[in-house]
Amino acid sequence: MLVEKNIPLQAFNTFRIVAKAQALARITSEADVHQLLADPEWTAVPKFVLGGGSNIVLTGDVKPLVLKVEVRGLKVVGETAKSVIVEAGAGENWHDFVTWTLDQNLPGMENMALIPGTVGASPVQNVGAYGVELQDRFDSLDAIDLLTGQVFTLNAAQCAFGYRDSVFKHASSGEADLHLPLGLKDRALILRVRFALPKAWKPVLGYADIERKMAEHGVTEPTARQIYDWVCEVRRAKLPDPAVIGNAGSFFKNPTVTAEQCEDIIARDPKVVHYRLDNGSVKLAAGWLIDSCGWKGKSVGQAGVYEKQALVLVNRGAGVDGNGATGGEVMTLAKAIQTSVYERFGIMLEPEPVVI
């Protein structure tokens, strides 16, 4: 197992922030993890699992051993009465995986097209878009314990999915609980993820962008491929391509408030963009809140708020030889935005990316 030293991470994070890993190992199989854990030099060293780098902000060089997940593989592994079960290696590109499912005539993932990152990172964040979240299509996953080397399987309940949340984002409290899974942050490396795609497929509609596309094309019952194409078009129009301008996608979670809180905000700002949820609470559009505070297009150093979508923070610099945004500039901008939104709406926005 080759462990590379002093490796630049700019190409491994979509914000294109300049930083280095003191040591990095490429994981292509569970055997690679076993080999690392058996090596006295690396057994007890803290470890950081890295997928596509699309949901991180690097604020300096990374001291833990970076495990760059590159486990590949796409296949149909079974079926139930209601679903076809497909499996993807954790190192597969998420969008490529979504595209592959449609190429196999297996709809169900189309609303989540063009989300950046890897398959292995998708359960960590419980990714979602346009009315579909990963937990809606999740079957199970295989992961490996970075302390013991034991491979284990988790179902949806054991992953403790929440809004952009899972058991993988929480550290273990060290206290066993029969009803709540222990936190697995920095403890597990996901190897493979399985998804249950519905045999009786129905389009998930209801979002304004999708309904607008339906009206434009005169379509009342879109196919999965049409929804896929529309989602790609909308995302490309709204969000910057990380290959062109560094970013980590949506930087803040859409906050959820009570119906009473929403009515209070509507009384002061009638145009607030909001979505009523089945449980009676209301989800507010974080991008609208940020835009209404005047942040769109503003910058702190080389870190800026994207002109077309206030929910996205970008690296305005070249990101080469220290000329781009630093992680410190990104977080200074993020905190200033949080303060503005809180002072105006009484809501504290929560960042989506992991800050390293």
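Given the structure is predicted, the values throughout are model-derived calculations rather than measurements.

Enquirer: What is the right way to read the sheet that holds strand β16 (residues 282-284) from this model?
Expert: The pairing of strands in a sheet happens through backbone hydrogen bonds and is either parallel or antiparallel. Spatially, three strands are ordered β14-β16-β15 in an open sheet, and the strand pairing comes out antiparallel. Among the strands making up the open sheet, the edge pair consists of β14 (256-257) and β15 (274-276). Here β15 pairs with β16 via three bridges, running antiparallel. Note that in β16 the partner of Y275 across the bridge is K283.

Enquirer: Before we go on, may I ask you to explain helix α6 (residues 208-217) in this structure?
Expert: Each α-helix winds once per 3.6 residues, and so residues spaced three or four apart point in a common direction. Turning to α6, its buried residues number three or more, namely D209, I210, K213 and M214. Each buried residue of α6 sits inside an arc of 140° when the element is viewed along its axis, so together they form one side. Across from the buried face of α6, at angles greater than 90 degrees, the exposed residues are A215 and E216. Buried residues along α6 sit in contact with α7 (224-238). One or two steps after α6, the chain reaches G218, where phi turns positive at roughly 65°.

Enquirer: How should the packing of helix α2 (residues 94-103) against α7 be read in this particular structure?
Expert: Two packed helices can be described by the angle between their axes and the distance between those axes. Axis separation between α2 and α7 bottoms out at 10 Å; the angle between their running directions is 160°. Here α7 runs roughly antiparallel to α2, going by the angle between their axes. Of the two elements, α2 crosses α7, and the hand of that crossing is left-handed. Contact with α2, carried on its side by H95, V98, T99, L102 and D103, involves A224, R225, Y228 and C232 of α7 and no other residues of that element.

Enquirer: What should I look at first to understand the side chain of E110 in this one?
Expert: Looking at the secondary structure, you find E110 in the loop between α2 and α3 (122-125). Look at E110: it is buried, it has no salt bridge, and the nearest opposite charge is R137 at 5.4 Å. Polar contacts involving the side chain of E110 include one to the main-chain amide nitrogen of G108, which spans 2.7 Å. Here the side chain of E110 touches W201 through a polar contact of 2.8 Å, side chain to side chain. Among residues more than four places away in sequence, those in contact with E110 are V98, L102, W201, A224, I227, Y228 and V231.

Enquirer: I'm lost on the environment of R137 in this one. Help?
Expert: Relative to the assigned elements, R137 resides in helix α4 (residues 134-137). Distance in space between the C-alpha atoms of R137 and L154 is 14 Å, their sequence separation being 17 residues. If we ignore the near neighbours within four places in the chain, the residues touching R137 are G108, M109, M112, V132, F195, A196, L197, P198 and V204. Here the side chain of R137 touches G108 through a polar contact of 2.7 Å, landing on its backbone oxygen.

Enquirer: I tried to follow the environment of Y306 on my own but got confused; where do I start?
Expert: For Y306, the location among the structural elements is in the loop between β18 (303-305) and β19 (312-315). Looking at Y306, the relative accessible area reads 12%, which means it is buried. Taking the C-alpha atoms as reference points, Y306 and A248, separated by 58 residues in sequence, lie 11 Å from one another.

Enquirer: Could you clarify how one ought to interpret the layout of surface pockets in this entry?
Expert: Here the idea is plain: a probe the size of a water molecule rolls over the atoms and shows the empty space left. Roughly 650 Å³ of volume is contained in the second largest pocket. T14, N93, P116, G117 and P242 are, among the 29 residues lining the second largest pocket, the residues nearest its centre. When residues of the lining of the second largest pocket are traced back to their parent elements, those giving at least two are β5 (65-69), α7 and β13 (246-250). Here the lining of the second largest pocket is built from residues that sort into ten nonpolar, twelve polar and seven charged.

Enquirer: Is there a simple way to explain the packing of aromatic side chains in this structure?
Expert: How two aromatic rings sit relative to each other is set out by the distance from centre to centre and by the angle between their planes. Under the counting rule described, the total for this entry stands at ten aromatic pairs. With a centroid separation of 5.8 Å and an interplanar angle of 65°, the aromatic rings of W94 and F195 are classed as edge-to-face. Separated by 101 residues along the polypeptide, W94 in helix α2 and F195 in strand β12 (residues 188-198) bring together distant segments of the chain. On the basis of relative accessible area, F195 is assigned to the buried category, the value being 0%.

Enquirer: Got a minute to help me understand the pairing of β19 in this structure?
Expert: Residues in a regular strand project their side chains so that they alternate between the two faces of the sheet. Burial along β19 is two-sided: V312 and V314 and L313 and N315, pointing in opposite directions, are all buried. The pairing of β13 with β19 spans three bridges and is classified as antiparallel. When the sheet's bridge partners are listed, N247 is paired in β19 with V314. Relative to β19, β18 runs antiparallel, the two sharing three bridges. When the bridges of β19 are listed, V305 appears paired with L313. Between the antiparallel neighbours β18 and β19 lie six residues.

Thresholds applied
- Per chain, residues are indexed from 1 in the order of the written sequence.
- Local features in this predicted model are restricted to residues whose pLDDT is 70 or higher, and side-chain atom pairs enter the listing and the counts only when it is 80 or higher, whereas totals over whole chains, interfaces and linings include all residues.
- Computation of side-chain values covers all heavy atoms of the structure but excludes hydrogens and water.
- Paired strands, in this sense, are two strands between which DSSP finds at least two bridges.
- Secondary structure follows DSSP: runs of H or I at least 4 residues long count as helices, runs of E at least 2 residues long count as strands, and numbering of each begins at the N terminus.
- Each residue is placed in one exposure class: buried if its accessible area under a 1.4 Å probe, protein chains only, is under 20% of its type's maximum, exposed if it is over 50%, and partly exposed if it falls in between.
- To obtain the arc, one takes the directions from the helix axis to the C-beta atoms.
- Whether two residues are in contact is decided by their heavy atoms: any pair within 4.5 Å suffices.
- What counts as an axis is a line fitted to C-alpha atoms, over the stretch in contact for a helix, and the angles between N-to-C directions run from 0 to 180 degrees.
- Throughout, the term roughly parallel applies to angles under 35 degrees, roughly antiparallel to angles over 145, roughly perpendicular to angles from 65 to 115, and oblique to all others.
- Handedness of a helix crossing follows the sense of rotation of the near helix relative to the far helix, less than a right angle counterclockwise being left-handed and clockwise being right-handed.
- The charge count treats Lys and Arg as positive and Asp and Glu as negative. His and the chain ends do not count.
- Here, a salt bridge means any Lys or Arg side-chain nitrogen found within 4 Å of an Asp or Glu carboxyl oxygen.
- Any N or O atom pair separated by 3.5 Å or less is treated as a polar contact, with the protein-specific requirement of one donor-capable and one acceptor-capable atom, and with residues adjacent in sequence counted only for side-chain atom pairs.
- Only protein atoms enter the 1 Å grid used here, on which a cavity is any set of points holding a 1.4 Å probe that cannot leave and a pocket is any open set flanked by protein within 12 Å on both sides along at least five of seven lines; residues with an atom within 4 Å of a point are listed as lining.
- Grid points are joined across faces, edges and corners, and a volume is the space filled by probe spheres set on the points.
- For this classification, the nonpolar set comprises Ala, Val, Leu, Ile, Met, Phe, Trp, Tyr, Cys and Pro, the charged set comprises Asp, Glu, Lys and Arg, and every other residue, Gly included, is treated as polar.
- Two rings from Phe, Tyr or Trp (for Trp, the six-membered ring) form a pair when their centres are within 6.5 Å of each other. A pair whose planes differ by under 30 degrees is stacked, one over 60 is edge-to-face, and the rest are tilted.

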